[in-house]
Amino acid sequence: MSAFKLITGSWIEFQHHSRQEGALYNPACAAFTPEQWRILLGDMRGAGMEYLVLLATALDDAAYFQTDIYPPSRLACPNPLEVLLDEADRLGMKVFVSNGFYGNWRETELNMTRPERLDRVLRAMEQLAERFGGHPSFYGWYYPDECWLRGGIPQLFAEYVNLSSAHSRRLNPRFRTLIAPYGTKDIRADDSYVRDLEALDVDFIAYQDEVGVRKSSTEETPRYYEALRRAHDKAGRAALWADVELFTFQGETYQSPLLPAPFERIRRQLEAVSPYVDRILAYQYQGMLSRPGSAAFAGAPESARLYEDYMAWRDSAGLRD
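Computed from a prediction, not measured in an experiment: that's the story for all the values here. (Residues numbered from 1 in each chain as written. Predicted model: local features only at pLDDT ≥ 70, side-chain atom pairs only at ≥ 80, totals over all residues. Heavy atoms only, no water.)

Asks: Any chance you could explain the packing of helix H9 (residues 263-273) against helix H10 (residues 302-316) here in plain terms?
Replies: Angle between the axes and distance between the axes are the two parameters that describe a pair of packed helices. It is at 10 Å that the axes of H9 and H10 come closest, and there the two elements cross at 45 degrees. Considering their axes alone, H9 and H10 lie oblique with respect to each other. With respect to the hand of their crossing, H9 and H10 are arranged in right-handed fashion. On H10, the residues that touch Phe263, Ile266, Arg267 and Leu270 of H9 are Leu306, Asp309, Tyr310 and Trp313. For the contact of H9 with H10, the class distribution of residues is six nonpolar, no polar and two charged. (Axes fitted to C-alpha atoms, helices over the stretch in contact; angles between N-to-C directions. Helix = DSSP H or I, 4+ residues; strand = E, 2+ residues; numbered from the N terminus. Parallel < 35°, antiparallel > 145°, perpendicular 65-115°, else oblique. Left-handed = near helix turned anticlockwise from the far one by under 90°. Contact = heavy atoms within 4.5 Å. Nonpolar A, V, L, I, M, F, W, Y, C, P; charged D, E, K, R; others polar.)

Given below as structure tokens:
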């Protein structure tokens with residue numbers, strides 16, 4: 001049996017929140033028709049993606065669904081969230097629907113603590129659940145206002161997660177919940193962290209491996225995830241997933257466009273975390289992987305090369321979803 005786990009889920013976004021980082025694929029995605037979004041999901045499903053994590057249902061004070069909270073976004077596709085969930089239904093995919101950003105995405109702590117912003121979050125969840133909760137693909141929620149795990153889980157983040165999850169259960173008990181915090185290398189996975197996990201009301205934690213943002217290396221990440229495996233096993237609550245970063249930066253970190261990383265680096269990333277996690281998600285298919293010739297091609301030319309390299313490796317290694 002192979003030591004590798006395949007990538008079985010990916011983030012997806014109608015627009016990348018950082019215009020600098022998304023410069024090579026945001027314009028294409030903004031111009032996508034409903035049919036192109038459907039093609040993109042088909043491409044993702046063909047590459048083994050079962051889970052979709054929608055990064056945002058609103059961005060920069062504009063929404064991707066009909067709501068009284070914000071005006072609609074100015075995309076070529078007038079109803080992107082409806083299209084996404086409808087096609088995910090058809091393809092048998094599971095979507096974690098975002099409960100953000102209902103404040104400036106750069107102001108994470110304010111989004112978690114300011115009453116008027118929290119009110120918008122909870123109202124959005126209510127409206128999203130009412131309008132889209134009947135879709136079989138609406139699997140649950142992703143909370144995109146993430147925070148830095150400096151040693152342990154900050155109290156304000158725990159309170160925000162627990163508030164959101166309690167609201168989720170009131171809306172629909174079947175919804176599952178996901179977070180993907182950063183600062184993985186800074187976690188002290190000791191007994192105090194186990195207690196933090198025991199008190200955190202969330203179903204899945206997909207820790208960012210932070211290789212793409214140049215904070216960790218594939219030589220270091222096995223140590224981090226092995227320690228997290230022990231802590232999660234002790235806590236016996238949230239499942240341990242990985243958020244593997246498929247990108248690099250064209251130039252300075254956080255200040256330049258995202259580009260696909262070489263597949264050899266990504267192969268090492270998968271090998272590093274596979275023994276310790278229950279599932280691997282990726283940030284992200286969109287913009288970093290593109291099926292050659294696809295009508296929903298988005299990203300630099302290197303995204304076609306990464307797609308071909310990943311799929312060829314998957315086939316030659318005899319790996320299947």
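Asks: Help me out: how do you make sense of the packing of aromatic side chains in this one?
Replies: How two aromatic rings sit relative to each other is set out by the distance from centre to centre and by the angle between their planes. Per the counting criterion, the structure on display carries 27 aromatic pairs. A centroid spacing of 6.3 Å and a plane angle of 75 degrees characterise the contact between phenylalanine 65 and phenylalanine 132, whose relative ring orientation is edge-to-face. Remark: phenylalanine 132 occurs in helix H5 (residues 115-132) and phenylalanine 65 occurs in the loop between strand E4 (62-63) and helix H3 (80-91); sequence separation between them is 67 residues. We classify phenylalanine 65 as buried; its relative accessible area is 6%. Judged by relative accessible area, which is 1%, phenylalanine 132 ranks as buried. Arranged with centres 5.8 Å apart and planes meeting at 0 degrees, the rings of tyrosine 70 and tyrosine 102 form a pair that is stacked. One end of the pair, tyrosine 70, is in the loop between E4 and H3; the other, tyrosine 102, is in the loop between strand E5 (94-98) and helix H4 (108-113), and 32 residues separate them in sequence. (Phe/Tyr/Trp six-rings, centres within 6.5 Å; stacked < 30°, edge-to-face > 60°. Buried < 20%, exposed > 50% of the residue type's maximum accessible area, 1.4 Å probe, protein only.)

Asks: What should I look at first to understand unusual backbone geometry in this one?
Replies: Leaving glycine out, the prevailing phi sign among residues is negative, and the prevailing peptide bond configuration is trans. In this structure, the amide linkage connecting glycine 100 to the following residue, phenylalanine 101, adopts the cis form with an omega of 0 degrees. As for its position among the elements, phenylalanine 101 is in the loop between E5 and H4. The backbone of aspartate 60 sits at a positive phi, close to 55 degrees, despite the residue not being glycine. Relative to the helices and strands, aspartate 60 resides in the loop between strand E3 (58-59) and E4.

Asks: In this structure, what is going on with H9? I would like to understand it.
Replies: One full turn of an α-helix is made of 3.6 residues, so residues set three or four places apart face in the same direction. Three or more residues of H9 are buried, namely Phe263, Arg265, Ile266, Gln269, Leu270, Ala272 and Val273. Tucked inside the fold, the buried residues of H9 contact strand E1 (7-12), helix H8 (221-235), strand E9 (239-245), strand E10 (247-249), strand E12 (279-283) and H10.

Asks: In this structure, what is going on with the pairing of strand E6 (residues 138-142)? I would like to understand it.
Replies: Consecutive residues of a regular strand have side chains that alternate between opposite faces of the sheet. The buried count for E6 comes to five of five residues, which makes it a mostly enclosed element. For E5 and E6, the ladder comprises four bridges, and the chain directions are parallel. Looking at the pairing, valine 95 lines up with phenylalanine 138 of E6. Looking at chain direction, E6 and strand E7 (residues 176-179) are connected through three bridges and run parallel. (Pairing = 2+ DSSP bridges.)

Asks: Would you mind showing me how to read the pattern of salt bridges here?
Replies: Oppositely charged side chains can form a pair if their charged atoms are brought close together. Using the criterion set out here, one finds 22 salt bridges in the structure. Taking the shortest distance from any N to any O, the salt bridge between glutamate 107 and arginine 117 comes out at 2.7 Å. Of this pair, glutamate 107 sits in the loop between E5 and H4 while arginine 117 is found in helix H5, placing the two residues 10 residues apart along the sequence. Here arginine 117 falls in the buried class, since its relative accessible area comes to 11%. Between aspartate 201 and arginine 237 there is a salt bridge, and its shortest N-O distance comes to 3.5 Å. Linking aspartate 201 in the loop between helix H7 (191-199) and strand E8 (204-208) with arginine 237 in the loop between H8 and E9, this pair joins segments that are 36 residues apart in sequence. One network of salt bridges, in which partners are shared, links Arg38, Asp86, Glu87 and Arg90. (Salt bridge = Lys/Arg side-chain N within 4 Å of Asp/Glu carboxyl O.)

Asks: Got a minute to help me understand the sheet that holds E9 in this structure?
Replies: Strand pairing in a sheet relies on backbone hydrogen bonds. The paired strands run either parallel or antiparallel. Taken together, eight strands build a closed barrel; the order of strands is E1-E2-E5-E6-E7-E8-E9-E12 and the barrel is parallel. Ignoring strand direction, the axes of neighbouring strands in this sheet form an average angle of 30 degrees. Of the strand pairs in this sheet, strand E2 (residues 51-54) and E5 are connected by three bridges, and their pairing is parallel. Pairing of valine 53 across the sheet is with phenylalanine 96, part of E5. Contacts between H8 and the sheet are confined to E8 and E9, with E9 contributing the most and set at about 160 degrees to the helix. Contacting E1, E9 and E12, H9 runs over the sheet at an angle of about 165 degrees to E9.

Asks: I would appreciate a short explanation of the environment of tyrosine 254 in the present structure.
Replies: For tyrosine 254, the location among the structural elements is in the loop between E10 and strand E11 (258-260). Those residues in contact with tyrosine 254 that lie beyond four places of it in its chain are Gln20, Glu21, Val213, Lys215 and Phe249.

Asks: Just to check I follow, could you spell out the side chain of glutamine 15 for this structure?
Replies: Counting through the fold element by element, glutamine 15 comes out in the loop between E1 and helix H1 (26-30). For glutamine 15, a relative accessible area of 13% gives the class buried. Once residues lying within four places of it in the same chain are set aside, the contact partners of glutamine 15 are Asn26, Cys29, Ala30, Leu59, Tyr64 and Leu75.

Scope: geometric values only; no functional claims are made or implied.
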